[in-house]
Amino acid sequence: MSLTGYQFQLLPTTTAVRLGSRTAGACRWLWNWALAYRQEAWLIAKSAGATGTDYMGAEFMSAQLDGLKQSYPWLADAPFHTLQQTLRDLDMAFTAFFEGRSGYPQFRQKGGHGSFRFPDPKQFSVDQDWVKLPKFGWVRFNKTREIVGKIKNVTVSTDGAGRWSISFCCEGEYRLPNYGDEGVGADAGIAQDLTLSNGDVLSLGAPSAEDWVKLSVLQALAARKTKGSNRWKRAQARVAKQHKRMANRRRDKQHKASHQLATQHAFVVLEDLNLKAMTASAAGTMAEPGRNVAAKSGLNREMLARGFGRFKTMLAYKCERAGIPFLLVNPAFTSQNCPQCHHCAPENRENQAAFRCVACGLEGNADWIAATNIKAAGQAALARHYAGNTSKATPPRRSRSKTRTRLRDRSESGSPGIPVKVAQAA
Ligand SMILES: [Zn+2]
């Protein structure tokens, strides 16, 4: 059993929008109130010599809710459980902070993103494309796919620009079918989104040049309006809408591409690109400013715009559900190595787009060559894995290429440690 989330666009009536805004506002207010209260209490306890961290937990804070509602009657407009859940969320935020997993809980700003959660399945019900929530009654949502599994909780959120969404957190057996006989390597490029070793190219929904232009025009128009005015608000809403449009398409394409990779191949190999390091290195340091900064940061912006990190996460869990291995290999030399004769030299690379081996004359698209090398490196890593994790037992076929590989273990990637399909093929 595992957890998964389903997010849909919520289609609330005007009344429901008003209640939703009030509820999100009440939860934000309560969060800020409880955070301030706990901060003050903690300072008092500390000055009295106390050393613990667990003051004013969610239970204590929940007990204050009745009193608070008498002082602030509008709090009672919000469904009770969403308020209680807010206090629990704050508790978890403090726990995460004290365990060093995240930063200190922050106060929440008015305007912009807001959300609230119904934590207990007893509080809601779902019928077709309708969901019944306490105080809201039946609200319609745009059900674009079936909800599989048992719904554990429901979160309603707004982007602050008039769009509402609902997400269902579900528990179930999420198996994906797999029809793969062959593994696949994929090279993430700039000219083409994702080039596969079998020659296919998958789109990851990178925003087009027109998208970026439209966004910057809308931003410039918004910047000319008087801040806080109605015209300014409408202009901001247009900017937010364009952002959302670009993000939605990206996520949609990423889901489609990762689904295809996970369900149609025996294993999937990607380069282990460290995007953060790439972005940092392009800017260089004070002592040694990066060379070619403009070109590189443009390239990196494109890479980040593709949300490659999120795509990798999607691919990892989909491969797990499909029961196939997902590998990350060292990207060094994948663009210079000849997959035919294994002559590895920078001269093999005629230019950004073309590869021609100076030893054997093999020609091809540079991204496709890289994808082929990535697949081979992954395959070698799998072979070593079956040989008992010792690289000496089965020397990698491409030892001269210096392409080192790394097989992610179960704890690291969540991929299955025993790749069934390849075991049969080997
Ligand atoms: Zn060659």
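Before any of the text, the structure's been laid out above.
All values reported here derive from a predicted model rather than from experimental measurement. (Residues numbered from 1 in each chain as written. Predicted model: local features only at pLDDT ≥ 70, side-chain atom pairs only at ≥ 80, totals over all residues. Heavy atoms only, no water.)

Colleague: If you had to explain the overall build of the protein to someone new, which residues and values would you point to?
Modeller: Along the backbone of the protein there are 12 helices and 15 strands. Across the 426 residues of the protein, 39% fall into the buried class. In the protein, the proportion of contacts linking residues at least 24 apart, taken out of those at least 6 apart, comes to 67%. Per element, the accessible surface of the protein, about 23,500 Å² overall, is 53% carbon and sulfur. (Helix = DSSP H or I, 4+ residues; strand = E, 2+ residues; numbered from the N terminus. Buried < 20%, exposed > 50% of the residue type's maximum accessible area, 1.4 Å probe, protein only. Contact = heavy atoms within 4.5 Å. Areas by Shrake-Rupley, 256 points an atom, 1.4 Å probe, with all protein chains shown as cover.)

Colleague: Residues and numbers for the packing of aromatic side chains, please.
Modeller: Aromatic rings considered in pairs are described by the distance between their centres and by the relative angle of their planes. Per the counting criterion, the structure on display carries 16 aromatic pairs. On the numbers, 6.5 Å between centres and 35° between planes, the contact of Tyr37 with Phe60 is tilted. Of this pair, Tyr37 sits in helix 1 (residues 14-47) while Phe60 sits in helix 2 (residues 58-63), and the two are 23 residues apart along the sequence. For Tyr37, a relative accessible area of 30% puts it in the partly exposed group. Put simply, the rings of Trp29, Trp33, Tyr37, Phe60, Tyr72 and Trp74 pair up and form one aromatic cluster. One residue, Arg108, lies across the ring of Trp31, its end atom 3.6 Å from the ring centre. (Phe/Tyr/Trp six-rings, centres within 6.5 Å; stacked < 30°, edge-to-face > 60°. Lys NZ or Arg CZ within 6 Å of the ring centre and 35° of its normal.)

Colleague: Any chance you could break down the pairing of strand 2 (residues 114-118) for me, citing the residues and the numbers?
Modeller: Only one face of strand 2 is covered, namely the one carrying Gly114, Phe116 and Phe118; the face carrying Ser115 and Arg117 has none of its residues buried. Sheet analysis places strand 2 next to strand 6 (residues 150-158), joined by 5 bridges and oriented antiparallel. Bridge pairing links Gly114 to Thr158 in strand 6. (Pairing = 2+ DSSP bridges.)

Colleague: I'd like a rundown of the nonpolar core, residues and numbers included.
Modeller: Ile166 and Phe168 are the most contacted members of the largest nonpolar core, which totals 39 residues. It is helix 1 that provides the largest number of residues to this core, a total of 9 residues. In this structure, Phe168 is in contact with Thr4, Gly5, Tyr6, Phe8, Val126, Val131, Phe141, Ile147, Ile151, Asn153 and Val154, ignoring residues within four places of it in sequence. Ranked by size, the runner-up nonpolar core spans 22 residues in total, among them Ala188, Leu261, Phe308 and Ala316. (Core = buried A, V, L, I, M, F, W, Y, C linked by side-chain atoms within 4.5 Å.)

Colleague: Now, about the sheet that holds strand 5 (residues 137-142): what can you tell me, with residues and values included?
Modeller: Strand pairing within a sheet occurs via backbone hydrogen bonds; the two strands may be parallel or antiparallel. Pairing is antiparallel across the open sheet formed by 7 strands, whose spatial order is 2-6-7-1-5-4-3. On the outer flanks of this sheet lie strand 2 and strand 3 (125-127), each paired with one strand and no other. Sheet twist, expressed as the average angle between the axes of neighbouring strands with direction ignored, equals 35°. Judged from the 3 bridges that link them, strand 1 (residues 2-11) and strand 5 form a sheet pairing that is antiparallel. Counted as the bridge partner of Leu11 is Arg140 from strand 5. Where helix 1 meets the sheet, it contacts strand 2 and strand 7 (164-172), and its direction lies at approximately 90° from that of strand 2. (Axes fitted to C-alpha atoms, helices over the stretch in contact; angles between N-to-C directions.)

Colleague: Requested: an account of the coordination of the zinc ion, with residues and values cited.
Modeller: For the zinc ion, the full set of protein donor atoms is Cys338 (SG), Cys341 (SG), Cys357 (SG) and Cys360 (SG), and the range of their distances to it is 2.2 to 2.3 Å. Here the zinc ion binds 4 donor atoms, and the angle range of 105 to 113° at the metal identifies the geometry as tetrahedral. Counting gaps between the donor residues of the zinc ion yields the pattern C-x2-C-x15-C-x2-C. Here Cys357 lies in the loop between strand 13 (354-356) and strand 14 (363-365) and Cys341 lies in the loop between strand 12 (326-329) and strand 13, a separation of 16 residues in the sequence. Classification of Cys341 by relative accessible area gives partly exposed; the value is 29%. (Donors = N, O, S within 2.8 Å, 3.2 Å for Na, K, Ca; no water. Tetrahedral: all angles 85-135°; square planar, octahedral: opposite > 155°, others 65-115°.)

Colleague: Go over the packing of helix 6 (residues 230-264) against helix 9 (residues 308-322), please, and point to the residues and values.
Modeller: Axis angle and axis distance: for two packed helices, these are the angle between their axes and the distance between the axes, and together they describe the pair. Two elements in contact, helix 6 and helix 9, have axes whose closest approach is 9 Å; the angle formed by their N-to-C orientations is 35°. In this structure, helix 6 crosses over helix 9, and the sense of that crossing is right-handed. In contact with Arg250, Arg251, Gln254, His255, Ala257, Ser258, His259, Leu261 and Ala262 of helix 6, helix 9 contributes Arg310, Phe311, Met314, Leu315, Tyr317, Lys318, Cys319 and Ala322. (Left-handed = near helix turned anticlockwise from the far one by under 90°.)

Colleague: Please set out a nonpolar patch on the surface residue by residue, giving values where relevant.
Modeller: Together, Trp42, Leu43 and Phe98 give the surface a local cluster of nonpolar side chains, amounting to about 280 Å² of exposed area. Checked against the element boundaries, Trp42 lands in helix 1. (Patch = residues over 30% accessible without salt bridge, like charges linked within 9 Å, V, L, I, M, F, W, Y side chains within 5 Å. Salt bridge = Lys/Arg side-chain N within 4 Å of Asp/Glu carboxyl O.)

Colleague: Go over unusual backbone geometry, please, and point to the residues and values.
Modeller: Of note in the backbone geometry, Lys135 takes a positive phi value of approximately 70° without being a glycine. Mapped onto the elements of the fold, Lys135 is located in the loop between strand 4 (130-133) and strand 5. Classification of Lys135 by relative accessible area gives exposed; the value is 51%. Residue His342 is not a glycine yet carries a positive backbone phi of 65°.

Colleague: I'd love a proper account of the pattern of salt bridges, names of residues and values included.
Modeller: Two side chains carrying opposite charge are able to pair once their charged atoms lie near each other. Applying the stated criterion across every chain, the model contains 12 salt bridges. Linking Asp120 and Lys122 is a salt bridge whose minimum nitrogen-to-oxygen distance equals 3.5 Å. Taking the shortest distance from any N to any O, the salt bridge between Glu350 and Arg356 comes out at 2.6 Å. You can call Glu350 partly exposed: its relative accessible area is 45%. Relative accessible area serves as the criterion here: at 37%, Arg356 is assigned to the partly exposed category. Each of Asp211, Arg245 and Arg249 takes part in salt bridges that share partners, so that together they form one network.

Colleague: Let's hear about the packing of helix 1 against helix 4 (residues 80-98): which residues, and what values?
Modeller: Helix 4 packs onto helix 1 with a crossing angle of 45° between their chain directions and a minimal axis gap of 9 Å. Classified by the angle between their axes, helix 1 and helix 4 sit oblique to one another. Handedness of the crossing formed by helix 1 with helix 4: right-handed. The segment helix 1 lies against helix 4, with Thr23, Ala26, Cys27, Leu30, Trp31, Ala34, Leu35 and Arg38 engaging Thr82, Leu83, Thr86, Leu87, Asp89, Leu90, Asp91, Ala93 and Phe94. Split by residue class, the contact of helix 1 with helix 4 holds 11 nonpolar, 3 polar and 3 charged. (Parallel < 35°, antiparallel > 145°, perpendicular 65-115°, else oblique. Nonpolar A, V, L, I, M, F, W, Y, C, P; charged D, E, K, R; others polar.)

No statement about biological role is implied by the geometric values presented.
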